[in-house]
Amino acid sequence: MTSAPTSPPATADFSLRRRPASEKLLDQGFHYLTLALASFVGLLLLAIVLTVFHGAREAIATFGARFITTSSWDPVNNQYGAFVAIYGTLVTAFLSLLIAVPLGIGTAIFITEDLIPTQLRNLIGLMVELLAAIPSVVLGLWAIFVMEPAIRPALNLLHTLFWWSPFFAGEPQGPGMAPAILILVVMILPIITAISRDALNQVPVELRQGAYGVGTTRWGALMNIILPAAISAITGGIMLALGRAMGETMAVTMIIGNSLNFDLSLLAPGNTIASMLANQFGEADGIQVSALMFAALILMILTLVVNIIAQWIVRRLSLKY
Amino acid sequence: MTNTATNQTSTGSDVCMSLQNVTISYGKFEAVRNVFMDIPHGRVTAFIGPSGCGKSTVLRALNRMNDLVPGCSLKGRVLFDGNDLYDRRIDPVEVRRRIGMVFQKPNPFPKTIYENIAFGARINGFKGDMDELVERSLRKAAVWDECKDKLQESGFALSGGQQQRLCIARAIATEPEVILMDEPCSALDPISTLKIEETMHELKRSYTIVIVTHNMQQAVRVADMTAFFNAEAVEGGSGKVGYLVEFNDTERIFNAPSQQATQDYVSGRFG
């Protein structure tokens, strides 16, 4: 760039480009606006936690740790223990994850690794997304009237084969933990599949070529290079799904049986914290409300812990590429 | 049109890879057509030419890397040690184990430096002393001094030029017979480029090297043989299709080319 000899001094040049006051004000205003919007989320979260904790104080003082370890839920004598619901929440969430993770990651691999023509791949991807769009109450209805009768023979078979195991004791009667687990699988599968698919798609093409370039098979490249490169995002998706599975209410309430009696068996009716809350908030008063709040607090802490673990795993596993 | 040039080349040393009337298409569009070429054994062969002339496509055909591109097809024959690489009975994975590749962008695996080298060797069934192989490969790629103290660190802890030499070491570790390099220095600074070129001079004692480069000076510096590709518009007007103009000793290509197009390109009149 050539500077003409007649150009004004540098300072004057600079002041010509000074921003008007209104623009600066706008900038500042925008800064405060976003700050306010962002703080709102934080305040909301804090308020919810505090009010739930406040509501639960009475139950915490009365039952203490006994609330977590005992399984009597007796509104007549005002004795409350949420062990059935906590057990149900953890078992249904983790077992549904156990089924949905291989299924979801497998689907994601299948639709990203050009094993099939593009149109077919897009179709499967679309169907996964549509699966996520089904309202959970519809899934619950389907679970009661279609899925549960359909899988009953299989559950009966499990019982006849493994009757000696406490987890398969008792003949399946209809609603129970096992169908609830399966409906949770249906609900979290789209999350895991969609996130895994995006994670696999984001693995740089150079990395794939590099893997094939040293003579790996498709399987070897997938297991040793592509999946490890995508694992942190996939883990994030799994944890998101776990959070969803623990908090899912409607479909689970409709199919789990809402039993207040403890039973180790997956074939027996059970309960989860979420479905217990949904079932009891209407009739509850006095210390029962407080007990429900306590249960809600436990559910929040569980999902919080899952999220923290997820963040930790993602950080540990995340590989730069 | 290029047959005369091609025939002269096979006199010097024995043929490693031979392309016989190779035409490569992406879907319906031909990317490069009717290539005849004999790549000599134990030498460095450079592919030069303007963008879109198909030189990278031809390079990637040499170890069936194009198989990974949907819709890519090849007509003609690519012979390696007398075997047609595109024969039905040939396993592409086996081809890539014998013909290694270094890519345009350094692409170390998201693993430690040590594992970057060991991974390829292990899947190729290497049973010997892995530590020794890692050191030997890194030494051959002239990156040992920079790496020896951080073998357990991520491959991304290295600079771009070092990463590229790590990728060369990775290719060497699988003990291929041929190493293909697709513009290996295009993302690197001049000093790293020089180091990689020195590495190539070392490597050609034990390997056949084929390199695609946009940098004509690099071709002059490293290559024994040079192939000049060009692209021409086809009848029907569906883009351009590449073809091999001339293939000869690097000296001849740059000083006394037999084709006018080559003369124009190497003297910088176009491209």
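Let me sum up the structure you'll find in this document. Owing to the predicted nature of the structure, the values given are computational and were not obtained by experimental measurement.

Thoughts on the packing of helix α5 (residues 118–133) of chain A against helix α7 (residues 177–201) of chain A
Residue and element names in this part refer to chain A.
Inference 1: Two numbers describe how α5 lies on α7: the axes approach to 8 Å, and their chain directions differ by 135°. By the angle class used here, α5 and α7 are oblique. Judged by the twist between their axes, the crossing of α5 over α7 is left-handed. Counted together, Gly125, Val128, Glu129, Leu131 and Ala132 of α5 and Val186, Pro190, Thr193 and Arg197 of α7 form the full contact between these two elements.

What to know about the pairing of strand β3 (residues 44–48) of chain B
Residues and elements named next belong to chain B.
Inference 1: In terms of burial, β3 is largely enclosed, as 5 of its 5 residues are buried.
Inference 2: The side-chain alternation of β3 yields two buried faces, one formed by Val44, Ala46 and Ile48 and the other by Thr45 and Phe47.
Inference 3: Alignment of β3 against strand β8 (residues 208–212), held across 4 bridges, turns out to be parallel. Its bridge partner being in β8, valine 44 is matched across the sheet by isoleucine 209.
Inference 4: Looking at chain direction, β3 and strand β9 (residues 225–233) are connected through 4 bridges and run parallel. The residue bridging threonine 45 from the neighbouring strand is methionine 225, located in β9.

Observations concerning the layout of surface pockets
Inference 1: Counted as a void, the largest pocket has a volume near 520 Å³.
Inference 2: Taken together, 21 residues form the lining of the largest pocket, with Asp114, Tyr212 and Arg218 of chain A together with Leu68 and Val69 of chain B sitting closest to its centre.
Inference 3: Counting only elements with at least two residues in the lining of the largest pocket, the list comes to α7 and α8 (205–213) of chain A together with α3 (92–98) of chain B.
Inference 4: Examining the composition of the lining of the largest pocket, we find that 4 residues originate from one element, α8 of chain A, more than from any other.
Inference 5: Within the lining of the largest pocket, the residues separate by chemical class into 9 nonpolar, 4 polar and 8 charged.
Inference 6: Empty space within the second largest pocket amounts to approximately 180 Å³.
Inference 7: Surrounding the second largest pocket, Leu95, Leu98, Ile99, Leu155, Leu158, Phe168, Ala178, Ile181, Leu182, Leu266 and Leu267 of chain A form its lining.
Inference 8: Counting only elements with at least two residues in the lining of the second largest pocket, the list comes to α4 (83–112), α6 (136–162) and α7 of chain A.
Inference 9: Of the residues assigned to the lining of the second largest pocket, the class counts are 11 nonpolar, no polar and no charged.

Observations regarding the pattern of salt bridges
Pairing is possible between side chains of opposite charge, provided their charged atoms come close.
Residues and elements named next belong to chain B.
Inference 1: Taken as a whole and assessed by the stated rule, the structure comprises 21 salt bridges over all chains.
Inference 2: Of the charged contacts in the structure, one is a salt bridge between aspartate 67 and arginine 64, with a shortest N-O distance of 2.9 Å.
Inference 3: For aspartate 67, a relative accessible area of 33% gives the class partly exposed.
Inference 4: A residue is classified by how much of its surface remains accessible, and arginine 64, at 12% relative accessible area, is buried.
Inference 5: For arginine 165, the salt bridge goes to glutamate 146, with nearest N and O atoms at 3.3 Å. You can see arginine 165 sitting in helix α7 (residues 160–173) and its partner glutamate 146 sitting in helix α6 (residues 144–147), a full 19 residues away along the chain.
Inference 6: For arginine 165, a relative accessible area of 3% puts it in the buried group.

The rules we used
Residues numbered from 1 in each chain as written. Chains lettered and ligands numbered in written order. Predicted model: local features only at pLDDT ≥ 70, side-chain atom pairs only at ≥ 80, totals over all residues. Heavy atoms only, no water. Axes fitted to C-alpha atoms, helices over the stretch in contact; angles between N-to-C directions. Helix = DSSP H or I, 4+ residues; strand = E, 2+ residues; numbered from the N terminus. Parallel < 35°, antiparallel > 145°, perpendicular 65-115°, else oblique. Left-handed = near helix turned anticlockwise from the far one by under 90°. Contact = heavy atoms within 4.5 Å. Buried < 20%, exposed > 50% of the residue type's maximum accessible area, 1.4 Å probe, protein only. Pairing = 2+ DSSP bridges. 1 Å grid on protein atoms, 1.4 Å probe; cavity = no way out; pocket = protein on both sides within 12 Å on 5 of 7 lines; lining within 4 Å. Points joined across faces, edges and corners; volume = space filled by probe spheres on them. Nonpolar A, V, L, I, M, F, W, Y, C, P; charged D, E, K, R; others polar. Salt bridge = Lys/Arg side-chain N within 4 Å of Asp/Glu carboxyl O.

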